Structures are given as structure tokens and as C-alpha cells.
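What follows is the residue order along each chain.
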Amino acid sequence: MKEKLEQMRAEALAALSDRGLDPETLRIRYLGKKGELTALLRSMGELPPEERPAAGQAVNALRVMIEEGIEKAKKERAAASLEKKLSAEKIDVTLPAPAASGALHPLTAVQRELEDIFCGMGFEVAEGPEVEYDYYNFVALNIPEDHPARDTQDTFYITDKILLRSQTSPVQVRTMEKKKPPIRMISPGRVYRSDAVDATHSPLFHQLEGLVVDRGVTMGDLKGTLEIFAKQLFGEDTRIRFRPHHFPFTEPSAEVDASCFACGGKGCRVCKGEGWIEILGAGMVHPFVLSNCGIDTDVYSGFAFGLGVERIAMLRYKIDDMRLLYENDVRFLSQF
Ligand code: PHE
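What you see is a predicted model; the values in this text were computed from it and never measured. (Residues numbered from 1 in each chain as written. Predicted model: local features only at pLDDT ≥ 70, side-chain atom pairs only at ≥ 80, totals over all residues. Heavy atoms only, no water.)

A. Region of the structure containing the packing of aromatic side chains. The tally for this structure, following the rule as stated, stands at nine aromatic pairs. Taken together, a centroid distance of 5.3 Å and an interplanar angle of 65 degrees make the contact between Phe118 and Phe123 edge-to-face. With a centroid separation of 6.4 Å and an interplanar angle of 65 degrees, the aromatic rings of Phe123 and Phe305 are classed as edge-to-face. Of this pair, Phe123 sits in the loop between α5 (106–119) and β1 (124–125) while Phe305 sits in strand β9 (residues 300–308), and the two are 182 residues apart along the sequence. Using a relative accessible area of 2% as the deciding quantity, one classes Phe305 as buried. A network of ring pairs unites the aromatic residues Phe118, Phe123, Phe229 and Phe305 as a single cluster. (Phe/Tyr/Trp six-rings, centres within 6.5 Å; stacked < 30°, edge-to-face > 60°. Helix = DSSP H or I, 4+ residues; strand = E, 2+ residues; numbered from the N terminus. Buried < 20%, exposed > 50% of the residue type's maximum accessible area, 1.4 Å probe, protein only.)

B. Structural detail: the domain arrangement of the protein chain. According to the domain assignment, the protein chain consists of domain 1 (2–89) and domain 2 (106–333). The gap between the C-alpha centroids of domain 1 and domain 2 is 89 Å. (Domains from an automatic or database assignment.)

C. Summary view of the site of the ligand. Near the ligand you find 14 residues, and of these Gln167, Ser169, Arg193, Gln207 and Glu209 are the closest. A distance of 2.8 Å separates a nitrogen atom of the ligand from a polar side-chain atom of Gln167. At 3.0 Å, a side-chain N or O of Arg193 approaches an oxygen atom of the ligand. Expressed as a share of its isolated accessible area of 330 Å², the protein-covered part of the ligand is 90%. If you list the elements that add at least two residues to the shell around the ligand, you get β5 (204–215), β8 (276–285) and β9. If you tally residues by element for the shell around the ligand, the top one is β9, at three residues. (Near = heavy atom within 4 Å. Polar contact = N/O pair within 3.5 Å; in protein donor to acceptor, adjacent residues only side chain to side chain. Areas by Shrake-Rupley, 256 points an atom, 1.4 Å probe, with all protein chains shown as cover.)

D. Highlighting the side chain of Arg165. Among the structural elements, Arg165 can be located in the loop between β3 (162–164) and α7 (170–178). Glu130 is the oppositely charged side chain nearest to the buried, salt-bridge-free Arg165, at an N-O distance of 4.8 Å. Arg165 has contacts with Gly128, Pro129, Glu130, Glu132, Asn137, Pro170, Val171, Gly189, Arg190, Val191 and Tyr192, leaving out every residue within four places of it along the chain. (Lys, Arg positive; Asp, Glu negative; His and termini not counted. Salt bridge = Lys/Arg side-chain N within 4 Å of Asp/Glu carboxyl O. Contact = heavy atoms within 4.5 Å.)

E. Expanded view of the state of the cysteines. Tallying each qualifying case throughout the model produces zero disulfides. Residue Cys263 stays outside any disulfide, its sulfur separated by 3.7 Å from that of Cys260, the closest cysteine. (Disulfide = S-S within 2.5 Å.)

F. Fine view of the pairing of strand β7 (residues 250–259). Summarising burial for β7: eight of the ten residues are buried, a large majority. Summarising the sheet, strand β6 (residues 240–247) and β7 pair through seven bridges and their orientation is antiparallel. Opposite His245, over in β7, you have Ser253 as the bridge partner. The turn joining β6 and β7, which pair antiparallel and follow one another in sequence, is formed by two residues. In terms of strand pairing, β7 meets β8 through eight bridges, oriented antiparallel. Looking across to β8, one finds that Val256 is bridged to Leu280. (Pairing = 2+ DSSP bridges.)

G. Representation of the nonpolar core in the model. Counting 43 residues, the largest nonpolar core has Leu114, Leu226, Phe229, Leu280 and Phe305 as the members making the most contacts within it. Element by element, the count of residues in this core is highest for helix α8 (residues 219–234), at six residues. Apart from residues lying up to four places away in sequence, Leu114 is in contact with Leu208, Phe229, Leu233, Leu307, Val309 and Ile312. In this structure, Tyr136, Val171, Val213 and Cys293 belong to the second largest nonpolar core, which totals 22 residues. (Core = buried A, V, L, I, M, F, W, Y, C linked by side-chain atoms within 4.5 Å.)

H. Up close: helix α4 (residues 52–89). Over its 38 residues, α4 runs 55 Å from end to end, which matches the ideal 56 Å to within 8%, given 1.5 Å per residue. Taken together, the buried positions of α4 are Ala55, Gly56, Val59, Leu62, Met65, Ile66, Gly69, Ile70 and Ala73. (Expected span 1.5 Å × (residues − 1).)

I. How the structure looks around the layout of surface pockets. Within this model, the second largest pocket holds a volume of roughly 200 Å³. Along its surface, the second largest pocket is lined by Met1, Lys2, Leu5, Glu6, Arg9, Leu47, Glu51, Ala54, Ala55, Ala58, Ala61 and Leu62. (1 Å grid on protein atoms, 1.4 Å probe; cavity = no way out; pocket = protein on both sides within 12 Å on 5 of 7 lines; lining within 4 Å. Points joined across faces, edges and corners; volume = space filled by probe spheres on them.)

J. Examining the sheet that holds β9 more closely. Taken in spatial order, the seven strands of this open sheet run β1-β4-β5-β9-β8-β7-β6, and their pairing is mixed. The two strands at the open ends of the sheet, each matched to only one other strand, are β1 and β6. Contacting β1, β4 (183–192), β5 and β9, α5 crosses the sheet at an angle of about 165 degrees to β4. (Axes fitted to C-alpha atoms, helices over the stretch in contact; angles between N-to-C directions.)

Below you can see the structure in the form of C-alpha cells.
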């Protein structure tokens, strides 16, 4: 018995110090129902009664030693695996971030492209307030009291005299009040109209205004400027055409079309079979507007134009629903 115990003790010590052995396997091997120590304990009944107490004590001591050894091995294993997990999951906050995949919003990209084209022709960028006086948005632009553009259905009024600008044209007036000719300015920005949201309308959208005032400015200058603009935007083969129109602040006025960049003018889905795509409104600045701003109409003349940035962006990127531009769905935005 004593020898058996000694031998088991030596083996157990060796097994416990072997870090490769699973502590649970050791527990089953020694302390399980069919374990070696359990068997030894059972065989105690065969000993003469006077030897049992000492043998019992020795077996118990061995059991305690094995139990403690297993407990210790389990704790060591748990600590080691936690350590491994922690070091694998460690985040080094000082590392540089992965390359950012941000990009310009299509509206921003198109607005910058438009600005680049006009700045290349010597235009300056001007800004005006979005909350505007009725005077700048309408009165100074020769829009009389009863003009349909003043209808509250179209314009968000804040008070009788203050509104959310419905166009970027008030920046023409603000610019002419501040600056003497020669003037060559563009003014991109938000405008507001109380329109219901659909694929081609939004109560908030963007326009880009253009204004040139100098001695001897003619409709030929307007045409030449817009032709260069259209070619730079849509390609060298692009042609433009003027259709007579009416704006209160220009006379004569025109709507300007560009030949379809998709089919070259033959007619396709992009231009709805027309061969032409409307891109902006334009005209010669009405003499009333010039004199409202203190500019001598005997000396100076000018032209102005206004375009919808969303419209150009939708054409440029083949977007068929304007709402996509405002929803900020990453799946949409990441295509640009
Ligand atoms: N302000 C006009 C609009 O919103 C566009 C325009 C600007 C037309 C300048 C002519 C000259 O429809």
C-alpha cells in the first residue's frame, strides 16, 4: 500500500508539472469514479484494521495534493488563455487609421466643377444670404407684386418682408450694389421653394447664378460664354441653342439647351428623344435692375444666367431621382 501510494504520488507530481496535460483529464484519471486514487481508497477495506487510519491519512493527503495541483493548473491555464486573448484583441490607438474612403458628395463635386469652369473664364465667386429680403429676391429684380413667382405657394415667407430666397438672383443685386463694373461673378447656393418632394422637385435645391456687367456687353458675349461653358462641361462637340423665354429681370430672355451629350443630338433616352437638354435660364440684365442698383444704363449693360445644380449633377452622373441626392444612403454615395 505504502509503495503504491509513493509511486502514485511521484507520477501525479510529474503529471501535474507537465503543462501540456489537461487538468480535467488528470482529475478524471485520479479522482474520477474509476480514478486511480478512488480505486486505492476503495481497496483500503482490504487492509488490516490497525493499518487503516495511517493509510487513510496518507491517501487523503495525496488527494488534497492532487486536488490543489489540479486547481492550480486550471487557474494557470485560464490566466494564460485570457492573456493570449487580450494580446490578440489589443487595439493600438496610436496606429494610423486605415485609409479613409470618404469622397465628395455628387452635388459638391458638380458645384466645384462649375466653379472651376467659370473661374477659368475670370469669374469671381460671390455669396448671399439664404434668409433674404423680399426686396432683393423680388422687387429689385423687377418682379411686380402680382407676379406668380411671388405666390406663397412657391415661396417660403418668414414675415411680409423676409423670406427664404427662391433663387440665387438676389445675389446679382447685392453684388451690383457693392461693386462698380466691370463685374464678373458667379454665386452658387441653396434656394427654397415650397414644392412637394418627387423625383425632380425638392423644397431645397441649389442654383448657380452668373452675372457680367461692363461697357458694351452683348447677347453675343452671353452666347459665347455659355458655349464655352457647355463644351467644358459636356464635351467639345456640344452645341447650344437659345429659345425665347421670359424672366422679369432679363430682357431679352432665353432658355438655353445643350445638344445631348449622350447621343450628340440624334435623340435618345437621356434627352427624351429631343436631341437637346435644357440646362439654364439666361438673358440681358433688364435696365430696371441695373438702375435699381445705381448702374448707369447709358454706359453699362450686362447678362445673367441661372442654372440648377441638381439638374446638372443628375445629367452628369445619370441619376434619375433627385431624392437620392439628399438621403445620404452610403450605398448610393460610395458610387462616386
Ligand atoms: N432666377 C431664374 C430662375 O430661378 C434663373 C435665371 C437667372 C434666369 C438669371 C435668367 C437670369 O428660374
